[in-house]
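Structure assessment
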Amino acid sequence: MIIQRLDELAAQIDIPLEILQRKTLNSDFKLKVPMHFAQQIEKGNLDDPLLRQILPSIEEAQTAVGFSQDPVGDLKANPTESLLHKYEGRALLITSPQCDIHCRYCFRRHFPYEQAKKRHWQQALELLATDSSIHEIILSGGDPLTLSEAGLIDLLHQLEQIPHLETLRIHSRTPVVAPNRANMKNWLAVLNASRFNKVLVVHCNHPNELSDETHQTFQLYRDVGVTLLNQCVLLKGVNDSAGTLKRLSKKLFSQGVLPYYCHLLDRVEGAAHFEVDTTPTWQIFETLRKELPGYLVPKLVREIAGEPYKTPIYENADT
Ligand code: SF4
C-alpha cells in the first residue's frame, strides 16, 4: 500500500492532522510514501528523520541562490529522451517515470519523466548497440524496480543481446522503502542466470530505514550474485551527525551492503533547507574516518554538471 493522502499519513504516524497540515505545503511533487517506510517513522515525532524526507514541507517554498530545476545537467546530457551518457564507458537508462516514494530532496523532482516512456527504449537500445565504448549500463529512473516483473525481464534480455555490455547496475530505493516489492521470484531467477556482472546500488539515508524485511530482500539479491552498495545524501535534520552515519554504515554492513557514496545535496529548487554547511560536514567525516574502518566510510562526493565523474570533496575545498 502507498500513502498519498495527508490524513492517511497522520493516522499512521499518530500525529493530529491539523498539526501536520500546518507544516505542509501544497506541492506539484506530491506526498507519496510506501506503508513499509511509513511504519519505520516513530509515532508522534514531528521531527522524525524519515518523516522529514517525505513530508512536503512549507520550507520548500523558500527560494535560495544557486538552486535550480536541473542542478546536475541531466537535461543537457540527454542524447535520446531516455538515455543519459555523461561518463565514459557508462550510460544510464531512464527506465521508469515512477518511484515508490517521493523524496523531498530529489535532484530529479523537476525532471520531465513523461518524455522517458518505454517507447523511447528502442532508440536508446539502438544507440547503445552502436557505441562499443559503453561497457556498463545503469538502470535508473525514477526507479527501475517499479517496472513490472515482465518488463524488467524483457529489458534485461534485450540488453544481453548487446555484446560489449559487461555490467548491469541497478539504482533503486525500492529494496529499502518497499522491500517486498523488490522480491520478484522470476526476475531474481533471470538475474541469477544472466551473463552480466551485477550491482545493485540501494539508497538509504538513515539506519531507521533498515528492517528485517530489507535484510531479507538484500539477501535474495546477494543469493543471485548481485553486489550490494549504498548511496546516501547528506541531509540536514536527517543524517547530519557522525553518530547517525556511523550507525547507518554498521547496520548496512550487518545486512550485507557496503557504503559507497555520500552525496552532498544537489542544489535543486525546493530543497535548500536540507543543505548541510561545510564545517559540520568536515567534522562529521573526520569523526567517521577516525571511528570506522575505511571500507565503512562512504566517499563524500558532489555531482557537478559537465564534470567527467562525480567530484570527490576534500577538506578546505569550497563545497
Ligand atoms: S527514489 Fe530516488 S529518484 Fe525517486 S524520488 Fe527518491 S531520490 Fe528521487
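Residues numbered from 1 in each chain as written. Predicted model: local features only at pLDDT ≥ 70, side-chain atom pairs only at ≥ 80, totals over all residues. Heavy atoms only, no water.

1. Topic: the UniProt feature "modified residue: N6-(pyridoxal phosphate)lysine" (unreviewed entry) in the protein chain
- Under the local residue numbering, the UniProt record ascribes the feature "modified residue: N6-(pyridoxal phosphate)lysine" (unreviewed entry) to Lys310.
- Here Lys310 falls in the buried class, since its relative accessible area comes to 19%. (UniProt positions renumbered as here; feature names shortened; annotations may be inferred. Buried < 20%, exposed > 50% of the residue type's maximum accessible area, 1.4 Å probe, protein only.)

2. Some details on the packing of aromatic side chains
- Using the criterion set out here, one finds three aromatic pairs in the structure.
- Considering the side-chain rings of Phe253 and Tyr295, the 5.6 Å spacing of their centres and the 55° angle between planes classify their relative orientation as tilted. Placement of the pair is Phe253 in helix α10 (residues 242–254) and Tyr295 in the loop between α11 (278–291) and β10 (299–302), with a sequence separation of 42 residues.
- Here Tyr295 falls in the partly exposed class, since its relative accessible area comes to 48%.
- Ring centres of Tyr260 and Tyr261 lie 4.1 Å apart, and the angle between their planes is 25°; this geometry places the pair in the stacked category. When sorted by exposure, Tyr260 lands in the same class as Tyr261, which is buried. (Phe/Tyr/Trp six-rings, centres within 6.5 Å; stacked < 30°, edge-to-face > 60°. Helix = DSSP H or I, 4+ residues; strand = E, 2+ residues; numbered from the N terminus.)

3. Observations regarding the domain arrangement of the protein chain
- Taken domain by domain, the protein chain holds domain 1 (2–61) and domain 2 (83–312).
- The largest per-residue losses of area from domain 1 upon contact with domain 2 belong to Phe29, Arg52 and Gln53, which jointly make up 35% of the total buried on that side.
- Our enumeration of links across domain 1 and domain 2 arrives at two salt bridges.
- Linking Arg109 and Glu60 is a salt bridge whose minimum nitrogen-to-oxygen distance equals 3.0 Å.
- Sorting the residues of the side of domain 1 that touches domain 2 by element identifies β2 (33–34), α3 (35–39) and α4 (49–54) as the ones contributing at least two each.
- Ranked by residues supplied to the side of domain 1 that touches domain 2, first place goes to α4 with five residues.
- Here the residues of the side of domain 1 that touches domain 2 sort into eleven nonpolar, four polar and five charged. (Domains from an automatic or database assignment. Buried area = accessible area lost by both parts, 1.4 Å probe. Salt bridge = Lys/Arg side-chain N within 4 Å of Asp/Glu carboxyl O. Nonpolar A, V, L, I, M, F, W, Y, C, P; charged D, E, K, R; others polar.)

4. Observations concerning helix α1 (residues 6–13)
- If you check which residues of α1 are buried, you get Leu6, Leu9, Ala10, Gln12 and Ile13. Each buried residue of α1 lies within a common arc of 165° when the element is viewed along its axis, so the set occupies one face.
- The elements touched by buried residues of α1 are β1 (2–3), α2 (17–22), β2, α3 and α4.
- Positioned one or two residues after α1, Asp14 has a phi angle of 60°, which is positive. (Arc of directions from axis to C-beta. Contact = heavy atoms within 4.5 Å.)

5. Some points on the site of the ligand
- Surrounding the ligand, one finds Cys99, Ile101, Cys103, Cys106, Gly142, Arg173 and His203.
- Comparing atom positions with the cavity grids shows the ligand to sit within the largest pocket. (Near = heavy atom within 4 Å. 1 Å grid on protein atoms, 1.4 Å probe; cavity = no way out; pocket = protein on both sides within 12 Å on 5 of 7 lines; lining within 4 Å. Sits in = over half its atoms within 2 Å of the grid points.)

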